[in-house]
Amino acid sequence: MTTVSVWRDENGVNGLRVQDHAGFAKRGKDIVCAAASILITTCVNSLESVAHITPEVLVEEKSAVIEVRLPQGLSPMQDHDCRIILHTALQGFEDIAAQYPRYLQII
């Protein structure tokens with residue numbers, strides 16, 4: 001099962017961690033894993049290209065982990081934009097979890 005961990009602070013979501021394979025299908029054919037991978041990757045890319053920040057990113061391919069966190073020292077506008085991007089990604093994960101609850105959970 002894929003697990004999405006959500007980190008929050010007083011301003012809302014400030015990080016996401018996606019871990020493990022969903023087990024919906026064989027590796028390379030798993031639509032739940034593919035959806036989760038594209039969501040977290042798009043989140044990271046959007047933080048860079050839309051919010052113009054460099055997020056803290058951890059990728060561990062062997063253990064199937066991708067983690068993104070907001071750095072310190074963001075301007076109010078950057079912080080606002082980053083929170084929207086993270087919240088949008090979280091909404092996508094919630095939608096996947098609602099459709100495939102046996103394969104993706106949010107904690």
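Rules used throughout
Residues numbered from 1 in each chain as written. Predicted model: local features only at pLDDT ≥ 70, side-chain atom pairs only at ≥ 80, totals over all residues. Heavy atoms only, no water. Pairing = 2+ DSSP bridges. Helix = DSSP H or I, 4+ residues; strand = E, 2+ residues; numbered from the N terminus. Axes fitted to C-alpha atoms, helices over the stretch in contact; angles between N-to-C directions. Contact = heavy atoms within 4.5 Å. Phe/Tyr/Trp six-rings, centres within 6.5 Å; stacked < 30°, edge-to-face > 60°. Polar contact = N/O pair within 3.5 Å; in protein donor to acceptor, adjacent residues only side chain to side chain. Buried < 20%, exposed > 50% of the residue type's maximum accessible area, 1.4 Å probe, protein only.

Caption draft 1: Quick peek at the sheet that holds strand β3 (residues 56-60). With mixed pairing, five strands are arranged side by side in an open sheet as β3-β4-β2-β1-β5. Bordering the open sheet on either side are β3 and β5 (104-106), each of which pairs with just one other strand. Each adjacent strand pair in this sheet contributes to an overall mean axis angle of 15°, direction not counted. Two elements, β3 and strand β4 (residues 65-69), share five bridges in a ladder whose sense is antiparallel. Paired with E56 across the bridge in β4 is R69. Relative to β4, helix α1 (residues 31-49) is tilted by about 30°, and along the sheet it contacts β1 (2-9), β2 (12-19), β3, β4 and β5. Strands in contact with helix α2 (residues 76-99) are β1, β2, β4 and β5; relative to β2, the strand with the most contacts, it is inclined by about 45°.

Caption draft 2: Region of interest: the pairing of β4. Here β2 pairs with β4 via five bridges, running antiparallel. Note on β4: the bridge partner recorded for L16 is V68.

Caption draft 3: Spatial organisation of the packing of aromatic side chains. Applying the stated rule across the entire model yields two aromatic pairs. Between F24 and Y100 the ring centres are 5.4 Å apart and the planes differ by 80°, which places this aromatic pair in the edge-to-face class. Of this pair, F24 sits in the loop between β2 and α1 while Y100 sits in the loop between α2 and β5, and the two are 76 residues apart along the sequence. On the basis of an interplanar angle of 85° and a centroid distance of 5.2 Å, the ring pair of F24 and Y103 is categorised as edge-to-face. Here Y103 lies in the loop between α2 and β5 and F24 lies in the loop between β2 and α1, a separation of 79 residues in the sequence.

Caption draft 4: Structural view of the side chain of R17. Relative to the assigned elements, R17 resides in strand β2. A distance of 2.9 Å separates the side chain of R17 from the side chain of Q19, its partner in a polar contact. In contact with R17, other than residues within four places in its own chain, are T3, V4, S5, W7, L58, V65, I66 and E67.

Caption draft 5: Highlighting unusual backbone geometry. The phi dihedral of H52 falls on the positive side, at around 60°, and the residue is not glycine. Looking at the secondary structure, you find H52 in the loop between α1 and β3. Of note, the phi angle at A64 is positive, near 55°, even though the residue is not glycine. Within the secondary structure, A64 is located in the loop between β3 and β4. The exposure class of A64 is buried, given its relative accessible area of 19%.

These figures capture arrangement, not role.
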